[in-house]
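Architecture and fold: a report
Chain by chain, the residues run as shown.
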Amino acid sequence: MIAEVYIDIPANPVNKPFDYRIPESLEGVVAPGMRVTVPFGRTRRLGFVTELKEVSTFKKLKAIDSVEDHAPVLTQELIDLGRWLADSILCPTVTAFQAMLPAAMKAEYKKIIKIEQPEQLKIEDADLASFFETTKQPIWSEIVKSHSELLKRINRAIRQGSLSIHQLVRNQATVKKVSVISVCATKEQLRLELAKLDDRAKRQKEALQFFIKQSDLSSFHSPIHALVKDGLSRDAITKLVDKGLLHLDQMEQFRDPYKHPVEQTKPLNLTDEQAKALAPILQSMNENEHRVFLCHGVTGSGKTEIYLQSIQRVLEHKRQAIVLVPEISLTPQMVLRFKGRFGDQVAVMHSGLSRGEKYDEWRKIREEKVQVVVGARSAIFAPFKKLGLIIIDEEHESSYKQEDMPRYHARDVAIHRAEKHHCPVVLGSATPSLESFARARKQVYTLLSLKERVNHRPLPSVHIVDLREEMRQGNHSVFSKELLEKVKDRLQKNEQTVLFLNRRGYSTFVMCRSCGTVVKCPHCDISLTYHRTQHSLRCHYCGYEQNVPATCPTCDSDAMRFFGTGTQKVEAELNRLLPEARVIRMDVDTTRKKGSHEKLLRQFGEEKADILLGTQMIAKGLDFPKVTLVGVLAADSLLHLSDFRASEKTFQLITQVSGRAGRHSLPGEVVIQSYTPDHYAVIDAARHDYESFYREEMTIRHRWGYPPFFYLVLISLTHPDPAKVAVAADRIAAILKNNLSDSTQIYGPVVPSVSKIKDRYRYQCMVKYKREPALVPVLHQILQHFQETGKDSLQVSIDLNPVALM
DNA sequence: AGCACGCCGACT
DNA sequence: GTCGGCGTGCTC
């Protein structure tokens, strides 16, 4: 038998299956979807078996070395999905496979130097021989790092055959094991041993007495650490194991990040609206019919309950469900809602888990120990065999699109998988993406509308504050008079406030007042942000950090001033203006440590703070009864991005943040501060009028030829040498113009607004098209010709349907 | 991605 | 003459 194998090298020239002979010893063991180690060129690599066959067009086949998995890690459906994905987003097929598996399953490659002829080596190079005698595990890469002076001599020894190099392929995935003790003796035998034991063996006697006391010895088993915790001695137990009275077993265990028992909840009564929305989803499941639903429901309209009750039906049908939630709203609160309803049938996948935990959650899915997975983007690849439903909450979120290779959109993958499984997809959002809403309008998707909050809580009243007016009246603070008054009022009433600002750090840039120089990152084309806690300037793109210059680096004047406002500055302002207020700040800087995100939210929930101040990450999912005021400090901070989705993002953000107010019995109020208070994104968000925003934005998209009216492709090039990128960009633009149809428009090459990142200069070309059959072949050709490998080379990245034009 | 092959310059 | 620079091309 012959296996087709995709080699674990994400590069163009090896992006095709390689044939390998299956040795007799592995006949019947190797199956499609398994990982194998194979000899490749002069190295050994991991590969994915995609197919078995009888004949190959190749004459001399190498044999598979070993199999890495007992059972396939990719189902047939996922293998096909990987191929489809690679084709549709132009990435190597292995990259697609890799994305479907937890990181722990990525192979680790090591080269180890082995001594073949110790005697010969001693004669030829006694020095080297003694070096290898003292190093236990001579790993090639480590020797290159710390003993590079030896390399020449090692190479010569290899040529002469006294040393050789061994390629190791290590699978990082490890299964956690626990030692379990059972008893393989009768009580009689135990009593006999007890009598025989020396008086000094006090601990062994204790242990024996413990086991004699057990009611049912034959079925007794317990992890060894539990026995130790109960006061028995580990040494005594192992002694008894040695004597053959006890038995020690290794048992596989899942690492469980959510081990606390969860109180079970029951389905809630649905409102008429909710019931009306749920019915067609259930019907579609009953009929095994693939349909895409767009559930457009205002914040607080009870979409989650609809999800939960649809999943209920999935489980009744003995099928499985995937629930995608944006990473930042995958809070413990959210997880609890699903665990509360479905208990241990739920696996959770998100970045906060350790490698091992993620691997175990994944294994629970593959081994069919769970029926539901709640997770961020990559959970869309959960290896379920009988999918009954896929839910994508907050469907408009840009985090569903992976921003680096493989650049897939979880929504597209979901729809593709659901088609294969003949099951529905439910997209949920209070602010659907224009693409999705347009499809619903065209009846490609089925629209489900929830216009009211559950229990008929009114949507919060929204006030827009004109910051220009505020400036004219001499108020240069980050707080308008109105907002500050309202915050004070909440403090007095013992209610809580959420303040939202989309910038972290203290101030966004440092400028010299006398010559206008702005301090920039030496590696990126971006101004540095001042962080007050460390009193340093930092680059939010590459992490570069430097001290604040005392004088201007250009003109040497000491007129360096801080401009722009970040969360740190707002925090300082709050402390100054309202010293009695307790403030929690949440941004990347305060939530870097594992678990701190949850900790801060818990503190706020327990009313240990009056004000929650934060960036993006507080816009979603928060549901605290005492929050009656939400302030958006700079509503237009996103509007000035040179991105056709700027208005859409602004509208979504304001709507989402506003939704945090007044979710319970106390009525909510929202204050939006803006320099462009008459922008339709601001006004429509304030009026909670999605339809109106949709109409205005669609007119603009139509006028400028943006999605959903046209499709986009963004081709980005980077190179350390600005001249080289420019040349390549020109040539690529020419190829596009020559090979694509006339109705397709090619823009660029242009230098993007951030022209350099991490010492690499950037250029971009954009393609706008409606129908373009030649597109994929032409893009393939470009990748083939221009994509180089290596660090100081031209990097070409192609983004089909980009979500951001950065 | 690695690694070898291969063809040019500056050294024991 | 050799060592070693990195351009090119292949890996079932």
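Quick caveat: nothing in here was measured; it's all calculated off a predicted structure.

**Comments concerning the protein's contact with DNA strand B**
Around DNA strand B sit 10 residues in total, of which A11, R42, R45, K111 and T789 are the nearest. The share of sugar and phosphate among atoms of DNA strand B within 4 Å of the protein is 73%. R45 is positioned with one of its side-chain polar atoms (N or O) 2.6 Å from a phosphate oxygen of DNA strand B. K111 is positioned such that a nitrogen or oxygen atom in its side chain is 3.1 Å from a phosphate oxygen of DNA strand B. Considered class by class, the residues forming the surface near DNA strand B number 3 nonpolar, 4 polar and 3 charged.

**Quick notes on the sheet that holds strand β9 (residues 221-223)**
By way of backbone hydrogen bonds, the strands of a sheet pair with one another, either parallel or antiparallel. Pairing is antiparallel in the open sheet, where 3 strands are placed in the order β9-β8-β10. Each edge of the sheet is formed by a strand with only one pairing partner; in this case those strands are β9 and β10 (246-253). Each neighbouring strand pair of the sheet contributes to a mean axis angle of 35°, computed without reference to strand direction. Here strand β8 (residues 176-183) pairs with β10 via 8 bridges, running antiparallel. Each residue of the ladder has a partner; that of S182, found in β10, is H247. Along the sheet, helix α10 (residues 234-242) makes contact with β8 and β10, crossing β10 at roughly 110°.

**Considerations on the protein's contact with DNA strand C**
In the vicinity of DNA strand C there are 14 residues, among which D19, G41, F58, K62 and K152 approach most closely. When atoms of DNA strand C within 4 Å of the protein are sorted by moiety, sugar and phosphate together comprise 44%. A distance of 2.6 Å separates a base oxygen of DNA strand C from a polar atom in the backbone of D19. One nitrogen or oxygen atom from the side chain of Y20 is found 3.4 Å from a phosphate oxygen belonging to DNA strand C. For the surface near DNA strand C, the elements supplying multiple residues, two or more each, are β2 (18-21) and β3 (35-40). Looking at the surface near DNA strand C element by element, the count peaks at 3 residues for β2.

**Observations concerning the packing of aromatic side chains**
The relative placement of two aromatic rings is captured by the distance of their centres and the angle of their planes. Under the defined criterion, the tally for this structure stands at 20 aromatic pairs. Summarising the aromatic geometry, the rings of F131 and F132 are spaced 5.3 Å apart at their centres and angled 75° between planes, so their arrangement reads as edge-to-face. When sorted by exposure, F131 lands in the same class as F132, which is buried. Pairing F381 with Y408 gives two aromatic rings, centres 5.0 Å apart and planes at 65°, and the pair type is edge-to-face. Note that F381 is positioned in the loop between β14 (372-375) and β15 (387-393) and Y408 in the loop between β15 and α15 (410-421), a separation of 27 residues in sequence. Across the pair, exposure class does not vary: F381 and Y408 are buried alike.

**A look at the pattern of salt bridges**
Enumeration over the complete set of coordinates arrives at 47 salt bridges. Put simply, R417 and E77 hold a salt bridge, and the shortest N to O gap is 2.9 Å. Residue R417 is located in helix α15, and its partner E77 is located in helix α1 (residues 76-89); the two are separated by 340 residues in the primary sequence. Classification of R417 as buried rests on a relative accessible area of 0%. What makes E77 buried here is its relative accessible area of 18%. Across the pair R468 and D466 runs a salt bridge, and its minimum N-O distance is 3.2 Å.

**Focus: the UniProt feature "binding site: Zn(2+) 1" (unreviewed entry) in chain A**
UniProt's entry tags C512, C515, C552 and C555 with the feature "binding site: Zn(2+) 1" (unreviewed entry), counted in the numbering of this structure. Maximum C-alpha separation among the annotated residues is 8.6 Å over a sequence range of 44 residues, consistent with a single clustered spot. In this structure C552 comes out as buried when scored by relative accessible area, which is 2%. Beyond its immediate chain neighbours, meaning those up to four positions away, C552 contacts C512, C515, T517, S557 and M560. One can find C555 in the loop between β23 (545-547) and β24 (560-563). For C555, a relative accessible area of 33% puts it in the partly exposed group.

**Overview of the pairing of strand β33 (residues 795-800)**
In terms of residue burial, β33 counts as a mostly covered element, since 5 of its 6 residues are buried. Note: strand β29 (residues 711-719) against β33, 6 bridges, orientation antiparallel. Paired with V713 across the bridge in β33 is L800.

**A word on the packing of α1 against α15**
Close contact between α1 and α15 brings their axes to 11 Å; oriented N to C, the two are set at 135°. Between α1 and α15, the interaxial angle falls into the category oblique. The two elements α1 and α15 cross, and the hand of that crossing is right-handed. Here α1 contributes E77, L78, L81, W84 and L85 to the contact with α15, which in turn contributes D412, V413, H416, R417 and H421. Residues that form the contact of α1 with α15 fall into these classes: 5 nonpolar, 2 polar and 3 charged.

**Structural notes on the state of the cysteines**
Evaluated as defined, the whole model comprises 0 disulfides. There is no disulfide at C521, and the cysteine sulfur nearest it, in C539, is 3.8 Å away. What makes C521 buried here is its relative accessible area of 5%.

**Quick notes on the pairing of strand β1 (residues 2-7)**
The element β1 is extensively covered by neighbouring structure, given that 6 of its 6 residues are classed as buried. In this sheet, strand β4 (residues 43-53) lies alongside β1 in antiparallel orientation, the contact comprising 6 bridges. By the bridge assignment for β4, Y6 is matched with F48. As paired elements, β1 and β2 share 4 bridges and run antiparallel to each other. Looking across to β2, one finds that E4 is bridged to D19.

**Thoughts on the sheet that holds strand β17 (residues 446-450)**
Read from one edge of the open sheet, 7 strands run β13-β14-β12-β15-β16-β11-β17, paired in parallel fashion. Single-partner strands in this sheet number two, and they are β13 (346-349) and β17. Put simply, the sheet's adjacent strands are angled 15° from each other on average, direction ignored. For strand β11 (residues 292-297) and strand β16 (residues 425-429), the ladder comprises 5 bridges, and the chain directions are parallel. Residue C295 lies in a different strand from β16, and its bridge partner there is G428. Across the face of the sheet, helix α14 (residues 355-366) comes into contact with β13 and β14 while running at roughly 145° to β13.

Analysis parameters
- Residues numbered from 1 in each chain as written.
- Chains lettered and ligands numbered in written order.
- Predicted model: local features only at pLDDT ≥ 70, side-chain atom pairs only at ≥ 80, totals over all residues.
- Heavy atoms only, no water.
- Near = heavy atom within 4 Å.
- Polar contact = N/O pair within 3.5 Å; in protein donor to acceptor, adjacent residues only side chain to side chain.
- Nonpolar A, V, L, I, M, F, W, Y, C, P; charged D, E, K, R; others polar.
- Pairing = 2+ DSSP bridges.
- Helix = DSSP H or I, 4+ residues; strand = E, 2+ residues; numbered from the N terminus.
- Axes fitted to C-alpha atoms, helices over the stretch in contact; angles between N-to-C directions.
- Contact = heavy atoms within 4.5 Å.
- Phe/Tyr/Trp six-rings, centres within 6.5 Å; stacked < 30°, edge-to-face > 60°.
- Buried < 20%, exposed > 50% of the residue type's maximum accessible area, 1.4 Å probe, protein only.
- Salt bridge = Lys/Arg side-chain N within 4 Å of Asp/Glu carboxyl O.
- UniProt positions renumbered as here; feature names shortened; annotations may be inferred.
- Parallel < 35°, antiparallel > 145°, perpendicular 65-115°, else oblique.
- Left-handed = near helix turned anticlockwise from the far one by under 90°.
- Disulfide = S-S within 2.5 Å.

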